[in-house]
Amino acid sequence: MSTADHSTALRAAGLRVTAPRLATLEAVEELPHADADAVAQSVRSTLGTISRQAVYDILGALTEAEILRRVSVGGRSMLYEMHRHDNHHHLVCTRCGRLEDVPCAVGHAPCLTPQEDHGFEIEVAEVVYRGVCTCLL
């Protein structure tokens, strides 16, 4: 995405276009599945001084606005990626931690239908596949 696309996404979400928000979006685009500290380091390299808390606040606002998506694969910090609204899943290596996107398992979102929905209207199914990648070969 270009800076213009990021600006459009921010405006569409009702958020002001600011240099820290743009730098955060650029960092997440360049470093998919990065944790907040890696994003903050990238933003600092672009802007100079910005507090870690400011970056955390921006990540929270962008996630709430569904511009970014939080990814939790257990036992690790929250990771961030661009929210593509495609309901993809993740594959994680249990040895080296490599994380890859994988398409939806079957059909359309939410991809998986539980045997019992307990009265919920299911919106999203999040699947994490775990295995060992080629890191040990």
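Our subject is the structure listed above.
The following paragraphs examine the structure supplied in this document. It should be emphasised that the depicted structure is a prediction, and the values quoted were computed from it without experimental measurement.

## A few points about the sheet that holds strand β5 (residues 99-102)
- Taken in spatial order, the 3 strands line up as β5-β4-β6 in an open sheet, and their pairing is mixed. With one partner strand each, in any of the chains shown, β5 and β6 (128-131) form the two edges of the open sheet. Mean inter-strand twist for the sheet, computed between neighbouring axes without regard to direction, equals 25°.
- Direction of pairing for strand β4 (residues 89-93) relative to β6: parallel, over a ladder of 4 bridges. Within the sheet, the bridge partner assigned to H90 lies in β6 and is V128.

## Describing the nonpolar core
- Counting 21 residues, the largest nonpolar core has V39, L59 and L62 as the members making the most contacts within it.
- Those elements that place two or more of their residues in this core are α2 (19-30), α3 (36-47), α4 (52-64) and β3 (79-82).
- Looking at this core, the element that brings in the most residues is α2, giving 5 residues.
- Contact partners of L59, with chain neighbours within four places excluded, come to T24, V28, A36, V39, L68 and Y80.
- Counting 5 residues, the second-largest nonpolar core is a separate cluster that includes V71, L79, V92 and L99.

## A few points about helix α1 (residues 3-12)
- Of the positions making up α1, those classed as buried are H6, S7 and L10. The buried residues of α1 occupy one face: seen down the axis, they fall within an arc of 100°.
- Where α1 is buried, its residues meet α2, α4 and β3.
- Note on α1: the residue one or two positions beyond its end, G14, has a positive phi of about 80°.

## As for the side chain of H89
- Counting through the fold element by element, H89 comes out in strand β4.
- For H89, the side chain forms a polar contact with the main-chain nitrogen of V127, separated by 3.3 Å.

## Some details on the pattern of salt bridges
- What the rule picks out here adds up to 4 salt bridges.
- Linking E81 and R69 is a salt bridge whose minimum nitrogen-to-oxygen distance equals 3.3 Å. In this pair, E81 sits in strand β3 while R69 sits in strand β2 (residues 68-71), placing the two residues 12 residues apart along the sequence. The pair formed by E81 and R69 is uniform in burial state, with each residue classed as buried.
- A salt bridge links R98 to E100, with the shortest nitrogen-to-oxygen separation between them at 3.0 Å.
- Overall, the relative accessible area of 39% leaves R98 in the partly exposed class.

## Digging into the packing of α3 against α4
- Across the interface, α3 lies against α4 with an axial gap of 9 Å and an inter-helix angle of 110°. The orientation of α3 with respect to α4, classified from their angle, is roughly perpendicular. For α3 against α4, the interelement crossing comes out right-handed. Residues A36, D37, V39, A40, V43 and R44 of α3 touch α4, and the partners they reach there are R52, V55, Y56 and L59.
- Among the residues making up the contact of α3 with α4, the classes are represented as 7 nonpolar, no polar and 3 charged.

Conventions and cut-offs
Along each chain, residue indices are assigned from 1 in the same order as the chain's sequence is written. The model is predicted, so local features are restricted to residues of pLDDT at least 70 and side-chain atom pairs to those at 80 or more, both for listing and for counting; the totals for chains, interfaces and linings are taken over all residues. Excluding hydrogens and water, the side-chain figures rest on all heavy atoms present in the structure. Strands pair, by our definition, only if DSSP identifies at least two bridges between them. A helix here means a DSSP run of H or I that spans at least four residues, while a strand means a run of E at least two residues long, and both kinds are numbered starting from the N terminus. A fitted line through C-alpha atoms serves as each axis, taken over the contacting stretch for helices, and the angle formed by two N-to-C directions is quoted from 0 to 180°. Remark: nonpolar core denotes a set of buried residues (Ala, Val, Leu, Ile, Met, Phe, Trp, Tyr, Cys) joined through side-chain atoms within 4.5 Å. A 1.4 Å probe rolled over the protein chains alone gives each residue an accessible area, and that area as a share of the maximum for its type sets the label: buried under 20%, exposed over 50%, partly exposed in between. By the convention used here, residues are in contact when the closest approach between their heavy atoms is within 4.5 Å. Comment: arc refers to directions from the helix axis out to C-beta atoms. Whenever two N or O atoms come within 3.5 Å, that pair is a polar contact, provided that in protein one can donate a hydrogen and the other can accept it, and provided that, for residues adjacent in sequence, both atoms are side-chain atoms. A pairing counts as a salt bridge when a side-chain nitrogen of Lys or Arg comes within 4 Å of a carboxyl oxygen of Asp or Glu. In these notes the angle categories are as follows: under 35 degrees is roughly parallel, over 145 is roughly antiparallel, 65 to 115 is roughly perpendicular, and the rest is oblique. By convention the crossing between two helices is left-handed if the near helix lies anticlockwise of the far one by an angle smaller than a right angle, and right-handed if it lies clockwise. Basically, the charged four are Asp, Glu, Lys and Arg, the nonpolar ten are Ala, Val, Leu, Ile, Met, Phe, Trp, Tyr, Cys and Pro, and anything else, Gly included, counts as polar.

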